[in-house]
Amino acid sequence: MDMAVLLSLPAIPFPLRNSSLHSSRGIRMALKTQKNTNISFSTTTTTTRKLPILLFDIMDTIVRDPFYHDIPAFFRMPFKELIEAKHPTAWIEFEKGLIDEVELARKFFKDGRPFDLEGLKNCMREGYSYIEGVEELLHVLKHNNYEMHAFTNYPIWYEMIEDKLNISKYLSWTFCSCINGKRKPDPEFFLEVVRHLKVDPASCLFVDDRKRNVEAAKEVGIIGLHFKNVDVLRQDLSLMGIDISTDETNLAQE
């Protein structure tokens with residue numbers, strides 16, 4: 001679940017270019033892809049790049065999101081009360097890099113009440129952990145030479161996730177809303193990803209726990225998988241021809 005969805009109710013950055021996209025071909029590819037109900041990828045490599053490129057949402061797909069339980073406890077209020085009390089757009093602005101954390105603290109609550117910003121950050125940091133079984137899957141995918149990128153709606157605090165979990169040993173923090181200024185499910189964000197990677201949309205496979213984002217990916221021709229848990233994801237990847245086989249001896253040496 002995307003933290004900012006509920007908030008809108010009542011290093012390692014890689015900057016992206018902001019030029020316009022060659023969308024006509026992408027639209028044709030999208031239409032062609034949606035008609036193909038038996039999509040499968042070859043695991044063979046080209047001389048330069050192994051396809052598909054794997055794009056992963058981060059919160060509640062790779063990393064546990066502390067917002068739903070830890071943060072209400074930090075503020076000592078029920079979750080529903082927190083949602084009603086906070087500013088409707090402050091977190092989204094923070095995710096898009098439009099405001100910094102000082103401005104976030106100033107306007108986080110509608111009534112402007114002060115709070116311990118460093119305490120909140122520590123609470124978030126303590127709550128970050130890998131979703132069960134996901135790190136092992138990332139290890140296998142990296143071992144099998146897949147190119148992987150984060151594709152996430154998250155503020156500059158993604159650096160705290162990296163500091164704690166060292167996700168960059170598996171994938172690159174290439175596509176973050178705070179760097180790009182766009183958020184999923186904005187189709188322009190998806191198309192900008194494709195342009196940056198210089199591949200056809202159907203050469204990308206995107207995994208997200210939010211169905212709305214998965215559908216947005218499909219609309220531009222990217223292959224989308226809805227994340228439920230790691231066992232289902234392993235099955236889905238295998239059915240699509242992604243090599244998730246393991247060599248226990250080699251993995252143990254890495």
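Read on for an overview of the structure. (Residues numbered from 1 in each chain as written. Predicted model: local features only at pLDDT ≥ 70, side-chain atom pairs only at ≥ 80, totals over all residues. Heavy atoms only, no water.)

1. Notes on helix α9 (residues 158–165)
Filter applied, for reference: Three exposure classes are used, based on accessible area relative to the maximum for each residue type with a 1.4 Å probe and protein chains only: buried under 20%, partly exposed in between, and exposed over 50%. Comment: elements are numbered from the N terminus, with helices defined as DSSP H or I runs of at least four residues and strands as E runs of at least two. By definition, residues are in contact when any of their heavy atoms lie within 4.5 Å.
What α9 keeps buried is the set Tyr158, Met160, Ile161, Glu162 and Leu165. Turning to α9, the residues buried within the fold contact α7 (117–127), β3 (172–176) and α10 (177–180). Asparagine 166 occupies a position one or two residues after α9 and carries a positive phi of about 55°.

2. Some words on the side chain of histidine 149
Mapped onto the elements, histidine 149 comes out in strand β2 (residues 148–152). Here histidine 149 falls in the buried class, since its relative accessible area comes to 8%. Other than its neighbours up to four places away in sequence, histidine 149 contacts Ile53, Leu54, Leu55, Phe56, Leu171, Ser172, Thr174, Phe175 and Leu197.

3. Considerations on the pattern of salt bridges
The test is simple: Salt bridge, as used here, is a side-chain nitrogen of Lys or Arg placed within 4 Å of a carboxyl oxygen of Asp or Glu.
Tallied over the entire structure, the rule returns 14 salt bridges. With a shortest N-O distance of 2.8 Å, arginine 49 and glutamate 147 are connected by a salt bridge. Here arginine 49, found in the loop between α2 (23–35) and β1 (53–56), pairs with glutamate 147, found in the loop between α8 (134–143) and β2; they are 98 residues apart in sequence, far enough to count as distant. The class for arginine 49 is partly exposed, based on a relative accessible area of 24%.

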